[in-house]
Amino acid sequence: AKHGVTSFLATTMTAAVNQIEHVVQTVADNKNSVQGAKIVGIHLEGPFINPVQKGAQSDQYIIKPSAEIFEKLNTSSQKQIKLITFAAELDEGEKLASYLKNNDIVASIGHSNAKYAETKVLLEQQLIQNATHFCNGMRPIHHREPGLQVALLQSDSKLEIIADGIHIDPDMIRFIFDTIGEDRMILISDSMRATELADGIYDLGGQQVRVENGLCKLVESDALAGSTLNLNKARKNMKEWLQLSDMTLAKLTATNSAKLLGLYEHKGSIEIGKDADFYIVNEQEDVVMTVSEGKVIFENLKGE
């Protein structure tokens, strides 16, 4: 809430299926008692990812996409899973993707090594609606094999961006924005528990992460392991790098994600009849107040 977030998806990572089941059940049982920003659902990131693009996810528990296992997890979550990140190219017969489409759950391709042609087929069948932390954890662009990134840029899907200046170069972000426009980009933090804490060693899903000057890397492999970014900092970065208007930044931080998740009837813009979800910044662009459903959930008026 102190970073302007009014609502979010509680996000898992790759682990044993029974452990994920326990986590999503715990989230579902307690989501309405959480203070501050509201949990509006669950984002299942893993275990259905590609080991080649695992990033900071543990390959010990990576499994192939399975509609049956997902249905079990979704039942445990009391149907609170709203978005799932998976390697769609490993989904045999598109069974999981079809299940997601039939149940109005957002299919987000990520930690994926998909090629251009197979990604195009999935997009044409409308089996993908989003890309998890676009560019990161994905087959790189190559002039002889454009890969999923080019296919996604050419599509109508939403693309998530970690705007910390580490995960994606600001000039690359400018290129992506110029290509897809303001209605398809979603800013995310991808932050882990070290956010706003001192440099040191932290745990991320059972793996050790070294944090130095905001840079998070696995101790064992040197792979990027999340970030210490917050969403208002991402907004400030985008305003500085691309000189975007506040209206455009509101789309990138609220409107586009609300539309993706089917929440736009109630959230994502300030309109009569919608939830009073908004935050106020001072002249330095720092958050001084956050309001969720008409209630002040964060306030810091010092030095205003």
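Residues numbered from 1 in each chain as written. Predicted model: local features only at pLDDT ≥ 70, side-chain atom pairs only at ≥ 80, totals over all residues. Heavy atoms only, no water.

Caption draft 1: Looking closely at the sheet that holds strand 1 (residues 7-11). If you walk across this open sheet you meet the 7 strands as 1-2-3-4-5-6-7, and the pairing is parallel. The sheet terminates laterally at strand 1 and strand 7 (185-188), the two strands that pair on one side only. Taken together, the 5 bridges between strand 1 and strand 2 (residues 38-45) define a ladder with parallel strand orientation. In the strand pairing of strand 2, leucine 9 is matched with glycine 41. (Pairing = 2+ DSSP bridges. Helix = DSSP H or I, 4+ residues; strand = E, 2+ residues; numbered from the N terminus.)

Caption draft 2: Representation of the packing of aromatic side chains within the structure. For the coordinates displayed, the defined rule picks out 1 aromatic pair. Both rings, one in phenylalanine 70 and one in tyrosine 99, keep their centres 5.8 Å apart while their planes meet at 75°; by these two values the pair is edge-to-face. With a gap of 29 residues between them, phenylalanine 70 in helix 2 (residues 67-76) and tyrosine 99 in helix 3 (residues 95-102) connect regions that are remote in the sequence. As far as burial versus exposure is concerned, phenylalanine 70 and tyrosine 99 are alike and both buried. Of note, lysine 259 hangs over the ring of tyrosine 264, and the distance from its end group to the ring centre comes to 4.9 Å. The aromatic ring of tyrosine 264 is capped on one face by lysine 274, whose charged end is 3.4 Å from the ring centroid. (Phe/Tyr/Trp six-rings, centres within 6.5 Å; stacked < 30°, edge-to-face > 60°. Buried < 20%, exposed > 50% of the residue type's maximum accessible area, 1.4 Å probe, protein only. Lys NZ or Arg CZ within 6 Å of the ring centre and 35° of its normal.)

Caption draft 3: Geometry of the pattern of salt bridges. Scanning the model with the defined rule gives 18 salt bridges in all. Across the salt bridge formed by arginine 235 and glutamate 285, the nearest N and O atoms sit 2.7 Å from each other. Taken together, the residues arginine 235 in helix 7 (residues 231-242) and glutamate 285 in the loop between strand 11 (278-281) and strand 12 (287-292) connect sequence positions 50 residues apart. With respect to class, arginine 235 is no different from glutamate 285; both count as buried. Across the pair aspartate 277 and lysine 267 runs a salt bridge whose closest N-O atoms are separated by 3.0 Å. (Salt bridge = Lys/Arg side-chain N within 4 Å of Asp/Glu carboxyl O.)

Caption draft 4: Broad picture of the pairing of strand 2. For strand 2, the tally of buried residues reaches 7 of 8 residues, placing the bulk of the element in the interior. In this view, the connection linking strand 1 to its parallel neighbour strand 2 by way of helix 1 (residues 17-30) has right-handed handedness. In the sheet, strand 2 pairs with strand 3 (residues 81-86) via 4 bridges, with the strands oriented parallel. Within the sheet, the bridge partner assigned to isoleucine 42 lies in strand 3 and is isoleucine 81. Each parallel crossover has a hand, and for strand 2 linked through helix 2 to strand 3 it is right-handed. (Right-handed = clockwise from strand over helix to strand, strands pointing away.)

Caption draft 5: Representation of helix 3. For helix 3, the set of buried residues is Leu96, Ala97, Tyr99 and Leu100. What you see down the axis of helix 3 is that its buried residues fit within an arc of 160°, all on one side. Opposite the packed face of helix 3, turned more than 90 degrees from it, sit the exposed residues Lys95 and Asn102. Check the buried side of helix 3 and you find it contacts helix 2, strand 3 and strand 4 (106-109). (Arc of directions from axis to C-beta. Contact = heavy atoms within 4.5 Å.)

Caption draft 6: Quick look at helix 6 (residues 170-180). Along helix 6, the residues that are buried comprise Ile173, Ile176, Phe177 and Ile180. The buried side chains of helix 6 occupy one side of the element, clustering within an arc of 100° when seen end-on. Away from the buried face of helix 6 by more than 90 degrees, exposed residues Asp171 and Asp178 are located. N-cap assignment for helix 6: the residue whose side-chain oxygen lies 2.8 Å from the backbone N of aspartate 171 is aspartate 169. Of the residues flanking the end of helix 6, it is glycine 181, one or two places downstream, whose phi is positive at about 85°. (Polar contact = N/O pair within 3.5 Å; in protein donor to acceptor, adjacent residues only side chain to side chain.)

Take it as geometry only, folks, not as evidence of what the structure does.
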